[in-house]
Amino acid sequence: MHNKTIAELAKGLRSGEFSSVELTSAFLDRIKQYSSLNAYITVTEDPALQQAKAADARLAKGDAELLTGIPVAQKDIFCTEGVKTSCGSKMLDNFIAPYNATVVDKFNNAGAVMLGKLNMDEFAMGSSNETSYYGAVKNPWDTNTVPGGSSGGSAAAVAARLAVCVTGTDTGGSIRQPAALCGITGLKPTYGRVSRYGMIAYASSLDQGGPMTRSAEDAAIMLQTMAGFDEKDSTSVDVSVPDYMAGLNNRLEGLKIGLPKEFFGEGLNSDVAAAIEAAVNEYKKLGATVTEVSMPTLELAIPAYYVIAPAECSANLSRFDGVRFGHRCENPLDLTDLYTRSRGEGFGKEVKRRILMGTYALSAGYYDAYYIKAQKIRRLISEDFKRALSEVDVIMGPVTPSTAFGIGEKIGNPIEMYLSDIYTIAINLAGLPAMSVPAGFAGGKPVGLQIIGNYFAEDRLLNIAHQYQQVTDWHQQTPKGFE
Amino acid sequence: MSLTADDVKKIAHLARLGIEEQDVASYAKDLSGMLDLMTRMSDLDTDGVEPMAHPMDQAQRLRADRVTEQDNREKFQAIAPQVEAGLYLVPKVIE
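Anyway, here's the lowdown on the structure attached to this text.

Reading the values: rules and limits
- Residues numbered from 1 in each chain as written.
- Chains lettered and ligands numbered in written order.
- Predicted model: local features only at pLDDT ≥ 70, side-chain atom pairs only at ≥ 80, totals over all residues.
- Heavy atoms only, no water.
- Helix = DSSP H or I, 4+ residues; strand = E, 2+ residues; numbered from the N terminus.
- Rg over C-alpha atoms; globule rule 2.2 N^0.38 Å.
- Phe/Tyr/Trp six-rings, centres within 6.5 Å; stacked < 30°, edge-to-face > 60°.
- Buried < 20%, exposed > 50% of the residue type's maximum accessible area, 1.4 Å probe, protein only.
- Lys NZ or Arg CZ within 6 Å of the ring centre and 35° of its normal.
- Pairing = 2+ DSSP bridges.
- Axes fitted to C-alpha atoms, helices over the stretch in contact; angles between N-to-C directions.
- Core = buried A, V, L, I, M, F, W, Y, C linked by side-chain atoms within 4.5 Å.
- Salt bridge = Lys/Arg side-chain N within 4 Å of Asp/Glu carboxyl O.

Within chain B one finds 3 helices and 2 strands. In chain B, the succession of helices and strands from N to C terminus is α-α-α-β-β. In terms of overall size, chain B is more extended than a compact globule, its C-alpha atoms giving a radius of gyration of 22 Å where 95 residues would be expected to give roughly 12 Å. In terms of principal-axis extent, the alpha carbons of chain B reach across some 55 × 45 × 25 Å.

As structure tokens, this is what we get:
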């Protein structure tokens, strides 16, 4: 049961082959069996079984949707009413969200069953899931390696089949990078496509939620539920949502693929490069043409991002002050001591590092040199992409410079960790949609192909990924021991 | 560009962020490393480039001025560290 796609499960639920309660119980059992992966922070067993019962009743009545009765899980960054929403931080270890994120409401309305809340880097700051207050997550392909981050619990859960499909969020690669390292499909939509209401903010001009699944078809089904205008999110974009399933089978003859030479330079592992090249060749067989494109400003994406994201983070995280919710220190001497100690005790080292960086970059005397300069570079990066996407339909390249690295290998060297986001960060600065699609293995570990499209071209990306998944079976591989 | 231990303490104070004395040196080192990375930005001439604050060139939406929020005080204060008579409590600010 746990290896089936959403469409197959929806069929089984309708034919009476199994009930949602049976399906949900099977996944809850697997979550217990593989708890050593540490993919979940909270498992919501009783509410899940109640939701499953309600879904079975809805299926019996005949007014079910595709996701009705399907066991999903939420990254612990999405607020869930009455359920702990920790964001991977000690700061919110005691936080029971008083309302649902819009995304959570949408899954509830569709009748999906929530199995629980998934582990993540603290406040989504990290590329390895090692900054979580709840401990590192293990990559099911090699449990000595990281699953990537920040949506590491999400990616590990899908790879190990501990949920049918899950949500993630992506500020600088946090959906695509873990999807790549865990061999699953991940989609970061266009900025503003999916509501950010109730999604705990890290860097508001970059954050975007999206689906993480086994296949592009499953991602299309999930995005259909997640996408859409939300008046509760002031940056939600009022553009109609297309039928993401409708175009999946479109043929790819004449597709113009651009390969940025900056994505294939020094620093890219040669086995990863070979896997990407093989994937591009597969697209050629499907009728695509390939040209080189150039994005000269791309090399400045990491410095620009590590000014802009910490700057926004230092402002957003000022709300965690020990006054209205979250962690409060014992016996504060005065108000300053209350703020300083509550924040000092509640935040982990990586979060502190970024708050300090952002505070510095926004402080008087440095604002122009760092923050304004980074925003100007953001404009130039965005124009690089616009220019390239006027010549080609999509841009392809690797998601990560290497496959999954060892737990503990990079956590002591933050700069080296930041550099592993080299291929994903620029896309967030531009606000474009991009996917990670399983594209083979290097040394037994999964490699992800990145596909970057134009604004609101999620349907096209899903079509391109789906066609590749019709002629390859990388997305159907299961790590040993999790079959 | 490198930051000193005193710089780090000053920034931490601005952010009202408690950091352990024994960690100050490592923050100074990490932040200096980040600033080194950032100095690469100054190699690029960006004169006349409009700063980009947001990926979508759109104006903030306006809405009719009518009440949309419910009163959720009890619900929100149920998760507060310390409340009394509907008020959030903090240490005394004014003597």
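Having seen the structure, we can now continue with the description.
Okay, the packing of aromatic side chains next. Tallied over the full model, the rule gives 18 aromatic pairs over all chains. Geometrically, the ring pair formed by Phe123(A) and Phe320(A) is tilted, given 4.9 Å between the ring centres and 50 degrees between the ring planes. Of this pair, Phe123(A) sits in the loop between strand S3 (113-118) and helix H5 (152-159) while Phe320(A) is found in the loop between helix H9 (301-316) and helix H10 (335-346), placing the two residues 197 residues apart along the sequence. Plain terms: the ring middles of Phe320(A) and Phe325(A) are 5.9 Å apart, the flat faces sit at 90 degrees to each other, and that makes the pair edge-to-face. Each member of the pair, Phe320(A) as well as Phe325(A), is classed as buried. Taken together, Phe95(A), Phe123(A), Phe320(A), Phe325(A) and Phe347(A) form an aromatic cluster joined through their ring pairs. Here the guanidinium or amino end of Lys349(A) rests over the ring plane of Tyr27(B), the centre of that ring lying 5.3 Å away.

Right, let's get into the sheet that holds strand S6 (residues 208-213) of chain A. Residue and element names in this part refer to chain A. Read across the sheet, 11 strands follow the order S1-S3-S2-S4-S6-S5-S10-S11-S9-S7-S8 without closing on themselves; strand pairing throughout is mixed. Taken across any chain shown, the strands that pair with only one partner, and hence form the sheet edges, are strand S1 (40-43) and strand S8 (289-293). Across the sheet, the mean angle separating the axes of adjacent strands is 30 degrees when strand polarity is ignored. Where strand S9 (residues 394-398) and strand S11 (residues 445-452) come together, 4 bridges link them in antiparallel fashion.

Moving on, we come to the nonpolar core. By size, the foremost hydrophobic cluster in this structure holds 163 residues, and its most contacted members are Tyr40(A), Phe123(A), Tyr283(A), Phe385(A) and Ile451(A). Considering every element that reaches this core, the biggest residue donor is H9(A), with 10 residues.

Moving on: unusual backbone geometry. All names here are of chain A. Note that the residue after Gly149, namely Ser150, is joined by a cis bond; omega there is 5 degrees. You can see Ser150 is positioned in the loop between S3 and H5. One non-glycine residue with positive phi stands out, namely Cys87, at about 55 degrees. Mapped onto the elements, Cys87 comes out in the loop between strand S2 (71-75) and helix H4 (102-110). The exposure class of Cys87 is buried, given its relative accessible area of 0%. Although it is not a glycine, Arg161 adopts a positive phi angle of roughly 60 degrees. Checked against the element boundaries, Arg161 lands in the loop between H5 and strand S4 (165-170). What makes Arg161 buried here is its relative accessible area of 2%.

All names here are of chain A. A complete count under the given rule lists 18 salt bridges over all chains for this structure. For the salt bridge of Glu253 with Arg251, the shortest nitrogen-to-oxygen distance reads 3.1 Å. Residue Arg251 is classed as exposed on the basis of its relative accessible area, which comes to 63%. Across the salt bridge formed by Glu345 and Arg341, the nearest N and O atoms sit 3.8 Å from each other. Of this pair, Glu345 and Arg341 both sit in helix H10, 4 residues apart, which is roughly one turn of that helix.

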